[in-house]
Amino acid sequence: MFVAPISTDQLLSEAEKENLYSKLIEQLNKDFNFANEPIDFPQSTSPYELKVQIHEKIYRLIQYKYAELLNLLYIIDVPEENIKQLDGSDTVELSEQIAFLVLKREWMKVWFRNKY
C-alpha cells in the first residue's frame, strides 16, 4: 500500500531504499521536458542536489514564468487542491512546498509503476 512521504528527505530516502531513485530521476526529466521546461538530472545526481535544483527551478518559474509553472504542474498532475492550500506569502517557502508536491506526485507514479 502506498504511504505518502511527509517530507522531501523522507521521500528521497525511500526512493533510494527501494532502488527506484534512478526511475524517479527519469520521470522528473521526462515530465519537465514534456512541459518545455528542460531539465536534465544525470543519474549521478545526489538526493540533496536533486532537492536543491528542483527547488531553484520552481522558484525561478514562480518569479519569471508563472504560466509555465502552472503548465508543468498540470502535466505532472499535482492536485489543484494541494496547491490552493499553500501559503504564498513567502516565495522561497512556497517554491519549497511546490517542489515537494512535484516530487511526491512523481514518486507516486514511479512507485505504482514498479508495484503494479
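Anything mentioned here points back to the structure above.
Everything in this summary refers to the structure shown in the same document. Counting from 1, residues in each chain are numbered in the order their sequence is written. Where local features are concerned, this predicted model is filtered to residues with pLDDT of at least 70; where side-chain atom pairs are given and counted, the filter is 80 or more; whole-chain, interface and lining totals use all residues. Each side-chain value is worked out from all heavy atoms of the structure, with water and hydrogens disregarded.

1. Thoughts on the packing of helix α1 (residues 8–17) against helix α6 (residues 91–115)
Then step 1. To define axes, lines are fitted to C-alpha atoms, for helices over the stretch in contact only, and angles between the resulting N-to-C directions are given on a 0 to 180 degree scale. Each helix is a run of H or I in the DSSP string that is no shorter than four residues. Each strand is a run of E no shorter than two, and both are numbered from the N terminus. The contact between α1 and α6 brings their axes to 10 Å, and the two run at 25°. In terms of axis orientation, α1 runs roughly parallel to α6. Where α1 crosses over α6, the handedness of that crossing is left-handed. Packed against α1, whose contacting residues are Thr8, Leu11, Glu14 and Ala15, the element α6 presents Phe100, Leu103, Lys104 and Trp107 at the interface.
Then step 2. Each residue gets one label: Ala, Val, Leu, Ile, Met, Phe, Trp, Tyr, Cys and Pro are nonpolar, Asp, Glu, Lys and Arg are charged, and the others, such as Gly, are polar. Among the residues forming the contact of α1 with α6, the class breakdown is 5 nonpolar, 1 polar and 2 charged. Our angle categories are set so that under 35 degrees counts as roughly parallel, over 145 as roughly antiparallel, 65 to 115 as roughly perpendicular, and the remainder as oblique. Crossings are assigned a handedness: left-handed for a near helix turned anticlockwise from the far helix by less than a right angle, right-handed for a clockwise turn. Every residue pair with non-hydrogen atoms within 4.5 Å of one another is taken to be in contact.

2. Concerning the nonpolar core
Then step 1. In terms of nonpolar packing, the biggest core is built from 33 residues, with Leu28, Leu50, Ile58, Val102 and Trp107 touching the most fellow members.
Then step 2. Those elements that provide at least two residues to this core are α1, α2 (21–34), α3 (47–64), α4 (66–76) and α6.
Then step 3. When residues in this core are grouped by element, the largest group, 10 residues, is from α6.
Then step 4. The residues contacting Trp107, other than those within four sequence positions of it, are Phe2, Pro5, Leu11, Glu14, Ala15, Glu18, Leu20 and Leu24. For this analysis, a nonpolar core means a set of buried residues of the types Ala, Val, Leu, Ile, Met, Phe, Trp, Tyr and Cys, connected via side-chain atoms within 4.5 Å. Buried, partly exposed and exposed residues are distinguished by accessible area as a fraction of the type maximum, computed with a 1.4 Å probe on protein chains only: under 20%, between the cut-offs, and over 50%, respectively.

3. Concerning the pattern of salt bridges
Then step 1. Salt bridge, as used here, is a side-chain nitrogen of Lys or Arg placed within 4 Å of a carboxyl oxygen of Asp or Glu. Under the definition given, this model contains 8 salt bridges.
Then step 2. The residue Lys57 makes a salt bridge to Glu37 at a minimum N-O spacing of 3.4 Å. With a gap of 20 residues between them, Lys57 in helix α3 and Glu37 in the loop between α2 and α3 connect regions that are remote in the sequence.
Then step 3. Overall, the relative accessible area of 12% leaves Lys57 in the buried class.
Then step 4. Exposure remark for Glu37: the relative accessible area of 3% places this residue in the buried category.
Then step 5. With its nearest N and O atoms 3.2 Å apart, the salt bridge here joins Lys109 to Glu106. Placement of the pair is Lys109 and Glu106 together in helix α6, with a separation of 3 residues, close to one helical turn.
Then step 6. Using a relative accessible area of 0% as the deciding quantity, one classes Glu106 as buried.

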